[in-house]
Amino acid sequence: MATKLKSIRQELRRRLHDSIAHTVKWLQTVVRGYFQYHAVPRNEKRLKAFRHEVLHMWLWQLRRRSQRTRWTWNKFQEKLGSLLPEVEIPHPYPDVRFALTHPKFGLNIRGKNRVRQ
């Protein structure tokens, strides 16, 4: 996560004077891709931390664009904070995933293992 955040920070610095619309589109693809790869059950806390850090870096970048910035965290959250995707877990738990791909070894309706009946 630290490596990805570092690369995002460098890219935000490079995109300092790009329009907000272009930056939003790029950030949405980056965050969505990160979530699709790392969004497994019980990892929601780390994904929320990742999204929060990306938002903080983006706010920092917007504040650097002007000497007389008026961006506060509340204003940023109202206007731009909802544009990045929220944390969503598309992958099932490992035991469910295994039971779907290997039904012979999965649990039966009574919750017992079919092999040990």
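Please read all numbers here as calculations on a predicted model, not as lab measurements.

Outline the pattern of salt bridges, supporting the account with residue identities and numerical values.
Scanning the entire structure with this criterion turns up three salt bridges. Linking Arg 14 and Glu 11 is a salt bridge whose minimum nitrogen-to-oxygen distance equals 2.6 Å. Taken together, the residues span about one helical turn, with Arg 14 and Glu 11 both in helix H1 (residues 2–14) at a distance of three residues. Using a relative accessible area of 58% as the deciding quantity, one classes Arg 14 as exposed. Taking the shortest distance from any N to any O, the salt bridge between Arg 51 and Glu 86 comes out at 3.2 Å. Of the two residues, Arg 51 sits in helix H3 (residues 44–64) while Glu 86 sits in the loop between helix H4 (73–79) and helix H5 (94–101), which places them 35 residues apart along the sequence. Through salt bridges with shared partners, a single ionic network connects Glu 11, Arg 14 and Arg 15.

For the nonpolar core, give the residues involved together with the corresponding values.
In this structure, Ile 8, Leu 12, Leu 27, Phe 50, Val 54, Trp 58 and Phe 76 are the most contacted members of the largest nonpolar core, which totals 23 residues. Elements with a contribution of two residues or more to this core: H1, helix H2 (20–38) and H3. In terms of residue count, H3 provides more of this core than any other element does, eight residues in total. Discounting residues that sit within four places of it in the chain, Phe 76 has contacts with Leu 55, Trp 58, Leu 59, Leu 62, Trp 71 and Gly 81.

Which residues make up the packing of H1 against H3, and what values do they have?
H3 packs onto H1 with a crossing angle of 20° between their chain directions and a minimal axis gap of 10 Å. Classed by the angle they form, the pair H1 and H3 counts as roughly parallel. Judged by the twist between their axes, the crossing of H1 over H3 is right-handed. Facing Lys 4, Leu 5, Ile 8, Arg 9, Leu 12 and Arg 13 of H1, the residues of H3 in contact are Phe 50, Glu 53, Val 54, Met 57, Trp 58, Trp 60, Gln 61 and Arg 64. A class-by-class count of the residues in the contact of H1 with H3 yields eight nonpolar, one polar and five charged.

Describe H3, and please don't skip the residues or the numbers.
With 21 residues, H3 extends 30 Å from end C-alpha to end C-alpha; this agrees with the ideal 30 Å at 1.5 Å per step. Those residues of H3 not exposed but buried are Leu 47, Phe 50, Arg 51, Val 54, Leu 55, Met 57, Trp 58, Leu 59, Gln 61 and Leu 62. Among the structural elements, H1, H2 and H4 are those in contact with the buried residues of H3.

Account for the side chain of Glu 11, with residues named and values stated.
By relative accessible area, which is 19% here, Glu 11 ends up buried. A polar contact is formed between the side chain of Glu 11 and the side chain of Arg 14, at a distance of 2.6 Å.

Break down H2 for me, with residues and values.
For an α-helix, the turn length of 3.6 residues means that residues three or four places apart are oriented alike. Between the first and last C-alpha of H2 there are 26 Å, a value that for 19 residues agrees with the 27 Å anticipated at 1.5 Å per step. Those residues of H2 lying buried are Thr 23, Val 24, Trp 26, Leu 27, Val 30, Val 31, Tyr 34 and Phe 35. Contact partners of the buried residues in H2: H1 and H3.

About the thresholds
Residues numbered from 1 in each chain as written. Predicted model: local features only at pLDDT ≥ 70, side-chain atom pairs only at ≥ 80, totals over all residues. Heavy atoms only, no water. Salt bridge = Lys/Arg side-chain N within 4 Å of Asp/Glu carboxyl O. Helix = DSSP H or I, 4+ residues; strand = E, 2+ residues; numbered from the N terminus. Buried < 20%, exposed > 50% of the residue type's maximum accessible area, 1.4 Å probe, protein only. Core = buried A, V, L, I, M, F, W, Y, C linked by side-chain atoms within 4.5 Å. Contact = heavy atoms within 4.5 Å. Axes fitted to C-alpha atoms, helices over the stretch in contact; angles between N-to-C directions. Parallel < 35°, antiparallel > 145°, perpendicular 65-115°, else oblique. Left-handed = near helix turned anticlockwise from the far one by under 90°. Nonpolar A, V, L, I, M, F, W, Y, C, P; charged D, E, K, R; others polar. Expected span 1.5 Å × (residues − 1). Polar contact = N/O pair within 3.5 Å; in protein donor to acceptor, adjacent residues only side chain to side chain.

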